[in-house]
Amino acid sequence: MTDSLLQVQNIDVFYHDFHALWGVSIDVEKAQVVSIIGANGAGKSTLLNTIAGVYCPSNGTIEFCGKKINGLTPYQAVAEGISLVPEGRRVFPRLTVLENLEMGSYLPKARKKKDEILKKVYELFPILSERKNQLASTLSGGEQQMLAIGRALMSEPKLILFDEISLGLAPLVIKHIYQRVKQINMEGITVLLVEQDIQRSLKAAHKVYIMQSGRIKLSGKPGELSPEDIRKAYFGI
Amino acid sequence: MISILSELKVPIVNGLLLGGLYGIIGIGMSMIFGIVRLINLAHGDFVILASYFSLVTMSLIPISPLLTLIIVIPAMCLLGFIIQYFLLNRTLGKGMNPPLLIAFGISIILQNLLLLIFTPDARTLLSSLSVKTIPIGSFINLPTIYVVDFIAAIITVAFLSRFFNRTYMGKAIRAASDDDGAAQLMGINTKTIYAIAMAISAGTAAIAGVLVGMTFTFYPHTGPEYLIIAFGVVIVGGLGSLIGTFLGGLILGLAQILGAHFLGPGFQLLSGYLILLIVMTFKPTGLFSKG
């Protein structure tokens, strides 16, 4: 309980009439990597986006550092220390790499330490330093993903949310990026990631949640879950 | 050949100088079009409102129209901020029509408000600049006011370009125009950002309004005339590029004055729009649009 950074309790989320999340609860401890797996449409991205303030839950609470944060807008959630790397990367195509990173430290608190954090991000992803004056739209998919991660780190988050960071990337690039995720976590930043690749998730995480049709079906430490249970929870059969 | 060139010197220089003024009329509209995806039908009326603001200021304090900018620019910026923040922001994400209607409504309200207060009389911002000329060599006499317009336009473009490329706020405006949702994830309050963009746009309308008022006469209903010019400039220059908008202004101004020179003064407007049609036929995205 004392180590809990993020507590999502019994939240329901609707898109207009569609009930997307049903009484979802998760608990993320400090400095851990927690991953959420599930098939397409299971509600993983919705959950991440709700935590980041993009959607507002109609029921339940989200507590971050002991403070209730549901109902915040995305830009307020960033100020609390939650940073989302959105699905599809969403870098700013007509801004340069450096300008993209600068936007990550838009908030005054982060802006003061911009140079210091920027140095760290460049150490993590040296390619970004080489390409800092290029337009983001000219980067390859993997480089754009690195930029999206670097940009999210620029706000000095306590919790970073990764939404399908391996989507559409080559296996080698995915491996490289996951090594960096591990490195980010070792710096003390808590990681919550959403992934379709079960093996990769189990390997990276301290704890996994398996979602299906907007509900949490199974949770536990990767080593304690049997492949049989995981398969059942994932496919629902 | 040489005689034709020397004969054309005057209309070419005048066309370019007038084009500078057109550029600054169009630049605010181009900005908002590019950033908020909003066609601000009230932009022309913002320009004329600024002319009247300047007129009122001059009647209260006897200063040159150019100096009234110190008061007119902040006033217009504030108005632009309020209109975007409290009116237009409510229509974000609801399609093209609601903001268009609001802008159209603002345009009608402004015109009638000006009519009510100032009567339909022709006005102008009198200053000694309006009648002076600058002799260049022995053959051209440039109207000083046109030169002032042109220089003011260049300063404005340079200032805006610096703002958008060097400052955090400017970059945040560009980021929000690239991807609103992602900008919010960076901690950027995009609604405030849009309001600031509109404030800057209205600020450029303030500069345009004072220059227009010094160069031509204006009435409460002159706004739409300048809206059409702004439209022309934006279409010729292309969206999303400050320099493009400015060059679009130069082309439109040049086309008008040269048309008037060759075909007679009655053809001034027509020849501008002919160029517009030609550009739309061959490069519908505008001559200097990015991508």
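Description of the structure in this document.

The rules behind each value
- Residues numbered from 1 in each chain as written.
- Chains lettered and ligands numbered in written order.
- Predicted model: local features only at pLDDT ≥ 70, side-chain atom pairs only at ≥ 80, totals over all residues.
- Helix = DSSP H or I, 4+ residues; strand = E, 2+ residues; numbered from the N terminus.
- Rg over C-alpha atoms; globule rule 2.2 N^0.38 Å.
- Buried ≥ 20, exposed ≤ 12 C-beta atoms within 10 Å, placed from the backbone.
- Contact = placed C-beta atoms within 7 Å.
- Pairing = 2+ DSSP bridges.
- Axes fitted to C-alpha atoms, helices over the stretch in contact; angles between N-to-C directions.
- Parallel < 35°, antiparallel > 145°, perpendicular 65-115°, else oblique.
- Left-handed = near helix turned anticlockwise from the far one by under 90°.
- Nonpolar A, V, L, I, M, F, W, Y, C, P; charged D, E, K, R; others polar.
- Expected span 1.5 Å × (residues − 1).

1. Side note on the overall build of chain A
Helix and strand counts for chain A stand at 10 helices and 10 strands. In terms of overall dimensions, chain A is globule-like: its C-alpha atoms have a radius of gyration of 17 Å, near the 18 Å expected for 237 residues. Across its three principal directions, the C-alpha atoms of chain A cover 50 × 35 × 35 Å. For chain A, the proportion of its 237 residues judged to be buried stands at 45%. Sequence-distant contacts in chain A: of pairs separated by 6 or more residues, those separated by 24 or more amount to 68%.

2. A short note on the overall build of chain B
From N to C terminus, chain B includes 11 helices and 2 strands. Reading the helices (α) and strands (β) of chain B from amino to carboxyl end gives α-α-α-α-β-β-α-α-α-α-α-α-α. Radius of gyration (C-alpha) of chain B: 19 Å, near the 19 Å computed for a compact globule of 291 residues. On the principal axes, the C-alpha backbone points of chain B span a range of 60 × 50 × 35 Å. Counting across all 291 residues of chain B, residues that qualify as buried make up 51%. Long-range pairs, those at least 24 residues apart, make up 76% of the contacts in chain B between residues at least 6 apart in sequence.

3. A short note on the sheet that holds strand 10 (residues 215-220) of chain A
Backbone-to-backbone hydrogen bonds pair the strands of a sheet. The strands run either parallel or antiparallel. Residues and elements named next belong to chain A. The sheet built from 6 strands is open, its strands ordered 6-7-8-3-9-10 with mixed pairing. The open sheet has two edge strands, strand 6 (82-85) and strand 10, and neither has a second partner. On average, each strand axis in the sheet is tilted by 20 degrees relative to the strand beside it, whichever way the strands run. One ladder, built from 4 bridges, connects strand 6 with strand 7 (residues 159-163); its direction is parallel. Within the sheet, the bridge partner assigned to I82 lies in strand 7 and is L159. Strand contacts of helix 7 (residues 141-153): strand 6 and strand 7, with the helix running at about 170 degrees to strand 6, the strand carrying the most contacts. Each of strand 3 (33-38), strand 9 (207-212) and strand 10 is contacted by helix 10 (residues 227-235), which is oriented at about 40 degrees to strand 9, the strand it contacts most.

4. A few points about the sheet that holds strand 1 (residues 4-15) of chain A
Reading across from one edge, 2-1-4-5 (chain A) is the order of the 4 strands in this open sheet, with antiparallel pairing throughout. Among the strands making up the open sheet, the edge pair consists of strand 2 (18-29) and strand 5 (67-68) of chain A.

5. Some details on the packing of helix 9 (residues 223-237) of chain B against helix 10 (residues 242-263) of chain B
Residues and elements named next belong to chain B. With their axes 7 Å apart at the nearest point, helix 9 and helix 10 run at an angle of 115 degrees to one another. In terms of axis orientation, helix 9 runs roughly perpendicular to helix 10. Classified by chirality, the crossing of helix 10 by helix 9 is right-handed. Between helix 9, through G232, V233, V234, V236 and G237, and helix 10, the contact on the second element is made entirely by G244, T245, L247, G248, G249, I251 and L252.

6. Examining the packing of helix 5 (residues 144-166) of chain B against helix 8 (residues 190-215) of chain B
Residue and element names in this part refer to chain B. One can describe the packing of helix 5 onto helix 8 by two numbers: an axis separation of 10 Å at closest approach and a directional angle of 175 degrees. Taken together, helix 5 and helix 8 sit at an angle that is classed as roughly antiparallel. Here I145, D149, A152 and T156 of helix 5 lie close against helix 8, whose contacting residues are T204, I207, L211, M214 and T215. In terms of residue class, the contact of helix 5 with helix 8 is built from 5 nonpolar, 3 polar and 1 charged.

7. Looking at helix 9 of chain B
All names here are of chain B. Between the first and last C-alpha of helix 9 there are 21 Å, a value that for 15 residues agrees with the 21 Å anticipated at 1.5 Å per step. Among the 15 residues in helix 9, 11 count as buried, and that is most of the element. For helix 9, every residue scored as buried is listed here: G223, Y226, L227, I229, A230, G232, V233, V234, I235, V236 and G237. Immediately beyond the C-terminal end of helix 9, within one or two residues, lies G238, with a positive phi of roughly 95 degrees.

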